[in-house]
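# Architecture and fold: a report
This is what each chain is made of:
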Amino acid sequence: MYELAAENTDDLWEVEALYDTCFAPGRTALSSYRLREGVPPVSGLSLVARDELRILAGAIRFWPVSVGGHASLLLGPVAVHPTRQGEGLGALLIETSLELAGPQGWDRVMLVGDAPYYGRYGFERLDHVIMPPPTNPDRVLGRALSDGAWDGIAGEVTRVR
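Attention in this report is confined to the structure presented alongside it. (Residues numbered from 1 in each chain as written. Predicted model: local features only at pLDDT ≥ 70, side-chain atom pairs only at ≥ 80, totals over all residues. Heavy atoms only, no water.)

## With respect to the packing of aromatic side chains
In this structure the tally under the stated criterion is 4 aromatic pairs. Judged by centre distance (6.0 Å) and plane angle (45°), the rings of Tyr-19 and Phe-23 are tilted. For Tyr-19, a relative accessible area of 0% puts it in the buried group. Grouping aromatic residues by their ring pairs yields a cluster made of Tyr-117, Tyr-118, Tyr-121 and Phe-123. Its guanidinium or amino end placed over the ring of Trp-150, Arg-108 lies 5.8 Å from that ring's centre, counting from NZ or CZ. (Phe/Tyr/Trp six-rings, centres within 6.5 Å; stacked < 30°, edge-to-face > 60°. Buried < 20%, exposed > 50% of the residue type's maximum accessible area, 1.4 Å probe, protein only. Lys NZ or Arg CZ within 6 Å of the ring centre and 35° of its normal.)

Shown next as structure tokens:
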């Protein structure tokens, strides 16, 4: 029903409009956006979902970050147009992109989000990972894409330049 494809430059403004529709007006003031400024999303993992009429229904982006000096992916934002929510599209975007990440050489992924929601995709709280303030530490979650990928990883999340 949906075609997933890697986001490209032609998708940029349409994806931004989707994020504006789905999130609060102050979304770009969040600390996670400071980590994204001036850094392009990870090519091949940032996906768009379009319906049979080529209308954008959802999108997901990933960003490279460093956690205590170790490369990691930062997932987010992921959004599904309000008229398409409840169809499993968010799950499809998350699961498909995570399946692509390992073969591209990524070992770990993190996000700032709701633990009950993201827990179904294998994300758990990262107790020793520090996001820039203001971030609720209970919402800093991670998933290992290879065995033990988060073992011993601790410290501040910083922007990759």
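From this point, things continue past the structure.
## Observations regarding the environment of Val-67
Relative to the helices and strands, Val-67 is located in strand β3 (residues 56-67). A sequence separation of 76 residues divides Val-67 from Arg-143, and the C-alpha atoms of the two residues are 13 Å apart. The contact partners of Val-67, leaving out residues within four places of it in the chain, are Ser-72, Met-110, Val-129, Trp-150, Ile-153, Ala-154, Gly-155, Glu-156 and Val-157. (Helix = DSSP H or I, 4+ residues; strand = E, 2+ residues; numbered from the N terminus. Contact = heavy atoms within 4.5 Å.)

## Overview of unusual backbone geometry
The omega torsion across Gly-76 and Pro-77 is -5°, close enough to zero to call that bond cis. If you trace the backbone, Pro-77 turns up in strand β4 (residues 70-80). Cis geometry marks the peptide bond from Pro-133 to Pro-134, where omega comes out at -5°. For Pro-134, the position within the fold is in the loop between β7 (129-130) and β8 (140-144). Here Arg-54, not a glycine, exhibits a phi torsion of approximately 70°, which is positive.

## So, the pattern of salt bridges
One side chain can pair with another of opposite charge once the charged atoms of both are near each other. A full pass over the atoms with the stated rule returns 8 salt bridges. Where Glu-3 meets Arg-54, a salt bridge forms, and the shortest distance between an N and an O atom there is 3.5 Å. Residue Glu-3 is found in strand β1 (residues 3-6), and its partner Arg-54 is found in the loop between β2 (47-50) and β3; the two are separated by 51 residues along the sequence. For Glu-3, a relative accessible area of 45% gives the class partly exposed. We note a salt bridge from Asp-51 to Arg-84, for which the minimum N-O separation is 2.6 Å. On the criterion of sequence distance, the pair formed by Asp-51 in the loop between β2 and β3 and Arg-84 in the loop between β4 and α3 (89-101) is long-range, its members being 33 residues apart. You can call Asp-51 buried: its relative accessible area is 7%. Through salt bridges with shared partners, a single network forms among Glu-7, Glu-16 and Arg-61. (Salt bridge = Lys/Arg side-chain N within 4 Å of Asp/Glu carboxyl O.)

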